[in-house]
Structures are given as structure tokens and as C-alpha cells.
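The primary structure of each chain is shown beneath.
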Amino acid sequence: MEVFIFFLYAMILLPGTTGIVHEVKSFLNHTAYLSCYFPNSQKNDIKDLIVFWQKGLEVVHEVFYGQEKHDNISPEYKNRTKMDMDKWTLQLLNAGIVDEGLYKCIIQQRVKEIPSIIHQSECLLHIIANYSQPEIAWLHKGELKPNEYLKLCCSSSGGYPEPKQMTWLISHENRTHRLVNHMDISQDAVTKLYNVTTKLNTTVPTNTLTNISCLLHLGEELGSLVSVPLGIEIIQGEEIEQLKIHFFGPLIAVIVLITILLGFAILKNRTISCSNQSVSLAV
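Bear in mind that the values here come from a model prediction, so they are computed numbers and not experimental data.

Structural notes on the pairing of strand 6 (residues 81–84)
Here's step 1: Taking every second residue as pointing to the same face, the buried face of strand 6 carries T81 and M83, while none of K82 and D84 on the other face is buried.
Here's step 2: Where strand 6 meets strand 7 (residues 89–92), four bridges bridge the pair, whose relative direction is antiparallel. Counted as the bridge partner of M83 is L90 from strand 7.

Following this line, the structure appears as C-alpha cells:
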């Protein structure tokens, strides 16, 4: 019970902020490392100290004179924490999105049997879950015709935190245009992971190859993800007709030539047949 009294005492003495807040990032379902950033300039032995980690009013972990105690740990953190006593670092196992938030490390030392805070620090934990590579889906029905609007959809799923935006990259003739459309965002009620989608309605130039990609911006520190480019080329109607003429012209010439040859062959056969009949009558 003595440990719990010390914890409450520490809570009362803590100011609203402790100055520097250390940003910590951890991947979803991995181990998060929360350091106390304790310089220990006095070379204190951990066996002479009381160390607490707390998140709000929840007790995350406690070390009581060199021994890890689990009696007062909040249920959410039971069997999920351990301390690296050489590095003054808490290991939070299987970190989830619900674990995001501000953690405080408080170190106390007995001075004339009265616990006194000698160090405190704060860590702000961020959880990261990788989004899937953006994928472009074809929404257009039927064959795309010149000057007709192309309808595409780009989506990515299973990520965290919420992304910044999605951008369409449309490239043709060594030029690239950027287009930012509305991004639909949905969050899974259970996993808390995000799914994002954006749509594109645009015309495509004829007689030139157009490459369309989708870029998902995750933030300055997390970078971006890009889709596999979609290549589209629309041939204008007149050229299609011209191609058809180039194809059928030689075909017609071949047919005419074959017909002439067949005519000569039939005529020759008739001439030979008539000659044979004349010879027979003479005999």
C-alpha cells in the first residue's frame, strides 16, 4: 500500500507540464520504447529510487527500489510493460492505437524518509500503421471515346493516422498536372484504421499516351505512397478510318488478283477440254 501512497503524492506534486515533450513513434502491434530521459548525474542506484510511468490517472508501470511491481498497474497495461533498468526505458508491448497519448515518467528518492521527486519527463506516443499502396480502379463503362470524360477511383486502406490528402498526377507530352479532389475518409469502428478514396473525372488528350497516377500524402515525416501508373491512349476517329483503309486496300487487291488468276485457270481448262473433244471426233 506504501507504493500507491507514493504514487498519489507524486500526482499532487506534478505541475501541468514538464517542459520538453519527447515525440515517440511506434508501429502498430510493435513494442513502443518510452524513455525517462534520466541523466542520472548523481549515479543513483535504481535500488534507491521509485520509478513510475503514468498516462493521465492510469498507472502504466512502477519500479519500487529496483523491483517491478504489478499490483497497482491499470488493467489495460497488465503483462504488457517491462523496464530496461540500464537505459531507464519502459517497453510497452503490442502497442495499439488506444495507447496513443502523453506518458509521464516520475522518479522519486527518499530524503529523510520523505519521498521527493528528483526527475520527471514526458513522452507523446504516436502509433503508425502502414497504408496499402494506392490502387486505381476504372469506373468508366464501355469504350472510352474522344472528348468523353474518363472516370477513375483511387483508394488505400488499413492505415493510421489520418492522411493529409490524395493527389492525381496526369502526365502527357512531358508535362505533369496535379489535381487535388475531395478525399473520402472512413474509420473502422473496431481497429480504428482509416480507408481513403478519391475520384477523378477528366478528359484525356487524343493521339498521345497519358499516364495517370495517384499520390497519397501521409505527412511531412511519413512521406507519400504512389500508385502504379495507368497508361491510356485514345486514337482519333479519322485516323482509325485511315488505318482501316490501309488495311483493307491491300486485301482487296489480293482478292482481285486471285479472281483474275482463277478466271484464267477456268478459261484455260475450257480450251483444253474443247481441243480434246475435237481430236476424239477426228478419230
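We are not done yet, so read on.
Here's the deal with the state of the cysteines
Here's step 1: Summed over the entire model, instances satisfying the criterion amount to two disulfides.
Here's step 2: What pairs with C36 in a disulfide is C105, and their sulfur atoms sit 1.6 Å apart. Linking C36 and C105, the disulfide has an S-S dihedral of approximately 80 degrees and is accordingly described as right-handed. In this pair, C36 sits in the loop between strand 2 (32–35) and strand 3 (49–55) while C105 sits in strand 8 (residues 101–111), placing the two residues 69 residues apart along the sequence. Residues C36 and C105 agree in their burial class; the two are buried.
Here's step 3: One disulfide in the model links C154 with C214; its S-S distance is 2.2 Å. Taking the torsion about the S-S bond as the criterion, the C154 to C214 disulfide, at about -95 degrees, is left-handed. Taken together, the residues span a long stretch of sequence, with C154 in strand 11 (residues 150–159) and C214 in strand 16 (residues 209–219) at a distance of 60 residues.

Overview of the sheet that holds strand 2
Here's step 1: On the basis of which strands lie adjacent, the open sheet formed by three strands has the order 2-7-6 and antiparallel pairing. Each edge of the open sheet carries a strand with a single partner, namely strand 2 and strand 6. Averaged over all pairs of adjacent strands, the angle between strand axes in this sheet comes to 25 degrees, irrespective of strand direction.
Here's step 2: Across four bridges, the pairing between strand 2 and strand 7 is antiparallel. What sits directly across from A32, in strand 7, is L92.

Section: the side chain of S156
Here's step 1: Structurally, S156 is set in strand 11.
Here's step 2: For S156, a relative accessible area of 2% corresponds to the buried category.
Here's step 3: A distance of 2.6 Å separates a polar side-chain atom of S156 from the backbone oxygen of S132.
Here's step 4: If near-sequence neighbours (up to four positions away) are discounted, S156 is found in contact with Y131, S132, P134, Y194, N195, V196 and L216.

Observations regarding the confidence of the model for the chain
Here's step 1: Averaged over the chain, the pLDDT score is 80; the fraction of residues at 70 or greater is 77%.
Here's step 2: Long-range and interchain partners of residues 1–17, a stretch whose pLDDT sits below 50, account for 36 contacts in this model, where long-range means more than four residues apart.
Here's step 3: Between residues 239–254, whose pLDDT stays under 50, and residues either more than four places distant or in other chains, the model counts three contacts.

Notes on the pattern of salt bridges
Here's step 1: Taken as a whole and judged by the stated rule, the model has three salt bridges.
Here's step 2: A salt bridge links K104 to E122; its shortest N-O distance comes to 3.9 Å. A residue pair is termed long-range when its members are at least 10 positions apart, and K104 in strand 8 and E122 in strand 9 (residues 114–128) qualify at 18 residues. The residues K104 and E122 share a single accessibility class, namely buried.
Here's step 3: Taking the shortest distance from any N to any O, the salt bridge between E173 and R175 comes out at 3.4 Å.
Here's step 4: What makes R175 partly exposed here is its relative accessible area of 45%.

Cut-off values and rules
Counting restarts for each chain, with residues numbered from 1 along the sequence as it is written. Local features are withheld for residues below a pLDDT of 70 in this predicted model, meaning they are given only at 70 or higher, and side-chain atom pairs are given and counted only at 80 or more; totals for whole chains, interfaces and linings count all residues. Side-chain descriptors were evaluated using all non-hydrogen atoms of the structure, hydrogens and water having been removed beforehand. Relative accessibility under 20% of the residue-type maximum defines a buried residue, over 50% an exposed one, and the middle range a partly exposed one, all with a 1.4 Å probe and only protein chains included. Secondary structure follows DSSP: runs of H or I at least 4 residues long count as helices, runs of E at least 2 residues long count as strands, and numbering of each begins at the N terminus. Whether two strands pair comes down to DSSP finding at least two bridges between them. Disulfide: a pair of cysteine sulfur atoms within 2.5 Å of each other. Here an axis means a line fitted to C-alpha atoms, over the contact stretch when the element is a helix, while the angle between two N-to-C directions is reported on a 0 to 180 degree scale. Polar contact criterion, stated in full: a pair of N or O atoms within 3.5 Å, where within protein one must be able to donate a hydrogen and the other to accept it, and residues adjacent in sequence count only if both atoms are side-chain atoms. Contacts between residues were defined by any pair of non-hydrogen atoms, one from each residue, lying within 4.5 Å. How sure the predictor is of each residue is captured by pLDDT, a score from 0 to 100. Each reported salt bridge corresponds to a side-chain nitrogen of Lys or Arg within 4 Å of a carboxyl oxygen of Asp or Glu.

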